[in-house]
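Chains, contacts and geometry: an overview
Take a look at the letters that make up each chain.
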Amino acid sequence: MKSNRRNFLRYLGIGTGTLVTASPAIARVTTDEADRLPFEGPEFQAQPFNMCGYAAPKLPTVRIAVIGLGMRGSGAVERLCYIDGVEITVLCDKDPERVAKMQAHLAKVGRPKAAEFSGEEGWKKACEHKEVDLVYTPTPWHLHTPICLHAMNNGKHAATEVPAALTVEDAWKLVETSERTRKHCMMLENCCYDFFELLTLNMVRNGLFGEVVHAEGAYIHDLSKEYLFNKNAYTDMWRLKQNMKHNGNLYPTHGLGPIAQCLNINRGDKMDHMVAMSTNDFSLGIMANELAKTDDFFKPYANKKYRGNMNTTLIRTNLGKSMMVQHDVSTPRPYSRIHLVSGTKAVAQKWPGPERIGFGHSWIKDAELKELYAKYSPEIVKHIGEIAKEVGGHGGMDFIMDWRLIDCLRNGLPLDQNVYDAASWSVVVPLSEQSVNNRSKSIDVPDFTRGAWKKNKPHDITLAGGGNTGVRKIANQ
């Protein structure tokens, strides 16, 4: 029964490095009593329905509500307008001016006018609208989980910007709601659809890397001057406030998502435990104090404690493999997602450039890399890649992601990213903070699949059963 007791204590957070405030009843539990306690946490309950590999009924026309029309949302509307079999039936933003701007775009490209919702809780009505099949939400982070839950509970599929959840509890809510309603909950991790990431994934699938042993990802992007402290960037300075309130890896999924797919996380392996460490803050607080000297707007942000500049999180999988994920948005380094995949036969690395692959002690030459692209780029890249580059969105990966989502929904295919991916990739946010706050103690990662990872199959990166969704001519937009 020792293993059962360990599992129970893992759920409580005891022995995982988390700070536990136990009730007197729990504090008095003996070893024998713990062995007899039932497992009431979600991880220890039977999985009611497996969303991995689930194919929802076909939707020949996907009616979409886009909630959040700022930087990411406005671009999403523009991209979705290129895709056949799509109707944007609802536009929603707290600011009605943003809604009007996107209505004008729909008219410009010959799309019908959408229903409009605005205000602080307009998103609830958008989720409840009868002419919606999919709720697509690029809102501030704290709204991702509430909107997805409300969408699924009202019979809609949900697609959310990253991260999908900010707490372990919210991650479980997404999983349980998706399983109960049998509605998809996809996190819109666009980096999984970048060209080199797709190339390395397909090469891994074809055995060229042998056994993948270690992988690295990151989000290293100096946002401090142009975004975090820019009054006109994030509404109500919400992203700066996140960097004030939390010290951990706040944005793990851009680097983590692609390497998790290479390691078959939730589909043959799972994340078992992790540790995280942050530096002190050596720039954000100083910047806030300097700005406050000449601009009263920044006084509420002065003399505050900010997250450490660099967070490094290490994750070990159940099969004994490792991942490193880093996060730094406040030091002047060149943009990097790292994307390193290391196996027993090969290694690939994208950041910093150029893209490189090696099968020994040196990187292959450019001509050889071009040959690998020609041979091992997956079918989706050959089918839609050039069009995606024309449409744009981070070099085309945004459009590949949107097109693939719509094509899967229209053809009743399983999604490339399911709710277990959304939960497990996002849960690094709160777990990294727990580890940092407890001197980098080891934290167990919940098994959101409840053991189904052992039998779940890797997602299909072919276009089997689909690939028939058209794209409007670029010149018409």
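Residues numbered from 1 in each chain as written. Predicted model: local features only at pLDDT ≥ 70, side-chain atom pairs only at ≥ 80, totals over all residues. Heavy atoms only, no water.

Another aspect to go through is empty space enclosed by the protein. The final tally for this structure, using the stated rule, is three cavities of 30 Å³ or more. In this structure, the largest cavity occupies an estimated 80 Å³ of space. Along its surface, the largest cavity is lined by Cys-192, Tyr-193, Leu-198, Leu-201, Gln-261, Ile-380, Arg-404, Asp-416, His-459, Ile-461, Thr-462 and Leu-463. Counted by class, the lining of the largest cavity contains seven nonpolar, three polar and two charged residues. (1 Å grid on protein atoms, 1.4 Å probe; cavity = no way out; pocket = protein on both sides within 12 Å on 5 of 7 lines; lining within 4 Å. Points joined across faces, edges and corners; volume = space filled by probe spheres on them. Nonpolar A, V, L, I, M, F, W, Y, C, P; charged D, E, K, R; others polar.)

Right, let's talk about the packing of aromatic side chains for a bit. Applying the stated criterion across every chain yields a total of 14 aromatic pairs. Centre to centre, the rings of Tyr-227 and Tyr-234 are 6.2 Å apart; their planes meet at 50 degrees, and the pair counts as tilted. What makes Tyr-234 buried here is its relative accessible area of 13%. Joined through ring pairs, the aromatic side chains of Trp-141, Tyr-219, Tyr-227, Tyr-234, Trp-238, Tyr-251, Tyr-335 and Trp-351 make up one cluster. Geometry around Tyr-251 places Arg-239 over its ring, the cationic atom sitting 4.5 Å from the centre. (Phe/Tyr/Trp six-rings, centres within 6.5 Å; stacked < 30°, edge-to-face > 60°. Buried < 20%, exposed > 50% of the residue type's maximum accessible area, 1.4 Å probe, protein only. Lys NZ or Arg CZ within 6 Å of the ring centre and 35° of its normal.)

Time to look at the sheet that holds strand E6 (residues 185–187). Spatially, E3-E2-E1-E4-E5-E6 is the arrangement adopted by the six strands of the open sheet, whose pairing is parallel. A strand with exactly one partner marks an edge of an open sheet, and here the two such strands are strand E3 (115–118) and E6. Averaged over all pairs of adjacent strands, the angle between their axes in this sheet comes to 20 degrees, without regard to strand direction. Examined bridge by bridge, strand E1 (residues 62–67) and strand E4 (residues 134–137) share three bridges and lie parallel to one another. Pairing of Val-66 across the sheet is with Tyr-136, part of E4. (Pairing = 2+ DSSP bridges. Helix = DSSP H or I, 4+ residues; strand = E, 2+ residues; numbered from the N terminus. Axes fitted to C-alpha atoms, helices over the stretch in contact; angles between N-to-C directions.)

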